[in-house]
Amino acid sequence: MPVFYRISFSAEELEALSQACTAQSSLEERLLDEAAAGTLEEVAMQETKADDMLLIKNTIPIFKPGQAILITREDLHLMRKSLENFKGHAPPGLAMPVASAIKKIDESLQRPA
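Residues numbered from 1 in each chain as written. Predicted model: local features only at pLDDT ≥ 70, side-chain atom pairs only at ≥ 80, totals over all residues. Heavy atoms only, no water.

A. Representation of the nonpolar core. Of all hydrophobic cores here, the largest spans 25 residues; its most connected members are Phe9, Leu17, Ile60, Leu76, Met79, Leu83 and Ile105. The set of elements that each furnish at least two residues to this core consists of β1 (4-7), α1 (11-35), α2 (40-59), β2 (69-72), α3 (73-87) and α4 (95-109). Excluding its chain neighbours within four sequence positions, the residues that come into contact with phenylalanine 9 are Leu14, Leu17, Lys64, Pro65, Gly66, Ile69, Ala101, Lys104 and Ile105. (Core = buried A, V, L, I, M, F, W, Y, C linked by side-chain atoms within 4.5 Å. Buried < 20%, exposed > 50% of the residue type's maximum accessible area, 1.4 Å probe, protein only. Helix = DSSP H or I, 4+ residues; strand = E, 2+ residues; numbered from the N terminus. Contact = heavy atoms within 4.5 Å.)

B. Molecular detail of the pattern of salt bridges. Taken as a whole and judged by the stated rule, the model has five salt bridges. Between glutamate 84 and arginine 80 there is a salt bridge whose closest N-O contact spans 3.1 Å. Here arginine 80 and glutamate 84 lie together in helix α3, a separation of four residues that amounts to about one turn. For glutamate 84, a relative accessible area of 29% puts it in the partly exposed group. In this structure arginine 80 comes out as partly exposed when scored by relative accessible area, which is 22%. Across the pair lysine 87 and glutamate 84 runs a salt bridge whose closest N-O atoms are separated by 3.0 Å. A residue pair is termed a helical-turn pair when its members lie 3 or 4 positions apart in one helix, as lysine 87 and glutamate 84 do in helix α3 at three residues. Its relative accessible area of 44% is what places lysine 87 among the partly exposed residues. Overlapping salt bridges, with partners in common, bring together Arg80, Glu84, Lys87 and Asp106 in one network. (Salt bridge = Lys/Arg side-chain N within 4 Å of Asp/Glu carboxyl O.)

Remember that the coordinates give geometry; whether it matters functionally is a separate question.
Shown next, in the form of structure tokens:
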């Protein structure tokens, strides 16, 4: 049975997450195109990554600011990875929300719901 973690984000953090996950999802899709020349196993692994990111990208818009959500460790790690990759490319107004969202994810991972 999966373990869930409780977390909530501000409106600014949700915007940062949305942009970060959209960018990561696009990257995973490009990597899937590149993996098409590889082995079947490589393609399957990359397709799973691309599908997972697409699901997260499409889920974030249903979250409301301040709303407590339950989420799996794996999904939190994917969100964190997206934010880390986005950190250097985030618009100036999103730099603090990116850092704050990463901190919240790290803190949430320390305590399952």
